[in-house]
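Commentary on secondary and tertiary structure
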Amino acid sequence: MRVTTAFKRLMDLPGVTVTDVDFQPARVVVSVRLRSAKLTCPECGFTTTARYDTRPVPSWWRHLDLGRWRLEVRADLRRIDCPTHGARTEGVPFARAGSKFTRDFEDLVGWLATIMDKTALRRLVRIDWDTVGRIIERVMATGLDKRRLDNLFVAGVDEVSWRKGHSYVTLVSNHTTGKFVWGKEGKDTATLDSFFDDLGEERSAQITAMSMDMGPAYEKSAKKQHHAVNAVICYDPFHVVQLVTTALDKVRRQVWQDLRKLPDQEAAKRFKGARWALLKNPGDLTDDQAATLRRLKRRGGDLWRAYALKEALRAIFAGDLTEDEVGELLDRFCSKAQRSGLKPFVTAARTIRKRRAGILAAVRLGVNNACHEGLNRRVRLIVNRAYGFHSANAALGLIMLTLGPIDHVLPHERRRAVDP
Ligand SMILES: [Zn+2]
């Protein structure tokens, strides 16, 4: 067997003939020629036999490693004059538009990124993290299930910060399947508007319930004409508890500020570790945090009252109460919070009163914590890894690739036209 024939079989790239194989230090360069006489626009798939010219320099892609060898594909490409996109280098059947990697390579990296940490991935595939981000974006663009927005009846929308500072993406999930179906950079009314644009009027009208946080931005979009016109707007327990947890954190910060002004600096120092002890669910505390919490209890005062209020609210949504019972306890919580004299709690209680109907709707419709909190926790883990990406789309891609409707097909799982 000739070496070119052997490499054609080994690499298994669609639509090419291998013309040369060159062994260089630590890498193998395989020259290929496209078999089709037709040229294809990489952007839109327009085909023609008319060439515009030939690209003066060869094009390169990295393919899957061959043992310890790095494998590079090289081809002289023609240029096409697309009526829509103008003069472009022709598209190739084995790589995505604009990529320096073959589709096989990208599909493998896209899958690895969902299950492997940054350091391991970089070492294994020998590309930097930002390049991984760009690969993920391309895999997401072509890999999302086209029917993911069908049969969306109970939806949840949430914002996620993907980088320190104020960089957000908005995510829409399907409560029935527990998967994300849509995402975009931003967290305002216009961001959610583009979700409804993608969904279309008919499918938007099918949504029966939509859960969200208690801010005004998403609700404003949901209530617009042609959007979620038939949906009950719910505020799921996750967001209600989050609201009160934020109030608790404000009280904590105030107490800390007051302590710092005291002559005894030790008290403020000891208090520093209190944040997570207070904000985490009691069941998730480490031994140290549990001890901190016991100390705070002995100290009593504003902070302990605030903590007790937060825990009382959380208990309401344990999932074992009827809508009426939740309503009653919620009212009792609000009066207590308003009488507490703790300013952040007075504000939170006012918001809860105003949103009462929507909170109870979530309980009635079973738009519960478990699904949402579970997704949220997994998103935070992914986002921690996505730090270091330079674009919101790469972070979004990692979330969608891991928790969205994408079927990962690895190179060896794909059926090829020609099997040897
Ligand atoms: Zn085109």
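Residues numbered from 1 in each chain as written. Predicted model: local features only at pLDDT ≥ 70, side-chain atom pairs only at ≥ 80, totals over all residues.

**Overview of the overall build of the protein**
Stated formally: Secondary structure is summarised from DSSP: a helix means a run of H or I of at least four residues, a strand means a run of E of at least two, and numbering begins at the N terminus for each. For this measure, only C-alpha atoms enter the radius of gyration; the expected value for a globule follows 2.2 Å times N^0.38, where N is the number of residues. Here a residue counts as buried when 20 or more other C-beta atoms fall within 10 Å of its C-beta, as exposed when 12 or fewer do, and as partly exposed in between; the C-beta atoms come from the backbone. In this description, a residue-residue contact is defined by the distance between C-beta atoms placed from the backbone, which must lie within 7 Å.
Looking only at helices and strands, the protein features 16 helices and 14 strands. Against the 2.2 N^0.38 benchmark of 22 Å for 420 residues, the protein shows a C-alpha radius of gyration of 28 Å, more extended than a compact globule. Viewed in the frame of its principal axes, the protein has a C-alpha envelope of about 85 × 55 × 35 Å. The buried share of the protein, reckoned over its 420 residues, is 34%. The long-range share in the protein, meaning contacts at least 24 apart out of those at least 6 apart in sequence, stands at 60%.

**Let's talk about the sheet that holds strand β13 (residues 209–211)**
As a reminder of what qualifies: Here, any two strands with at least 2 DSSP bridges between them count as paired. Every axis corresponds to a line fitted to the C-alpha atoms, with the helix fit spanning only the stretch in contact, and the corresponding angles, defined between N-to-C directions, vary from 0 to 180 degrees.
Spatial ordering of the open sheet is given by β12-β11-β10-β13-β14, a layout of five strands whose pairing is mixed. Single-partner strands in this sheet number two, and they are β12 (179–185) and β14 (232–234). For this sheet the average axis-to-axis angle between neighbouring strands, irrespective of direction, equals 25°. Examined bridge by bridge, strand β11 (residues 167–174) and β12 share six bridges and lie antiparallel to one another. Across the sheet, serine 173 pairs through a bridge with phenylalanine 180, a residue of β12.

**Some remarks on helix α13 (residues 343–354)**
What counts here: One less than the number of residues in a helix, times 1.5 Å, gives the span that helix is expected to have. As used here, the arc belongs to the directions running from the helix axis to the C-beta atoms.
Given a rise of 1.5 Å per residue, 12 residues ought to cover 16 Å, and the 17 Å separating the end C-alpha atoms of α13 matches this to within 8%. Considered for burial, the residues of α13 that qualify are Pro344, Phe345, Ala348, Ala349 and Ile352. The buried side chains of α13 occupy one side of the element, clustering within an arc of 135° when seen end-on. Of the residues in α13, the exposed ones pointing more than 90 degrees away from the buried face are Lys343 and Lys354. Those residues of α13 that are buried lie in contact with α7 (237–260), α11 (301–316), α12 (323–339) and α14 (356–365).

**With respect to the domain arrangement of the protein**
The criterion, for reference: For every domain, the bounds stem from an assignment made automatically or drawn from a database.
Under the domain assignment, the protein is made up of domain 1 (1–96), domain 2 (154–235 + 369–403) and domain 3 (237–365). The C-alpha-based centres of domain 1 and domain 2 are spaced at 39 Å.

**Looking at the sheet that holds strand β8 (residues 78–82)**
An order of β5-β8-β9 is seen for the three strands of this open sheet, with the pairing classed as antiparallel. If you trace the sheet from one side to the other, it starts and ends with β5 (53–54) and β9 (86–89), each paired once. Pairing between β8 and β9: four bridges, direction antiparallel. Pairing of isoleucine 80 across the sheet is with arginine 88, part of β9.

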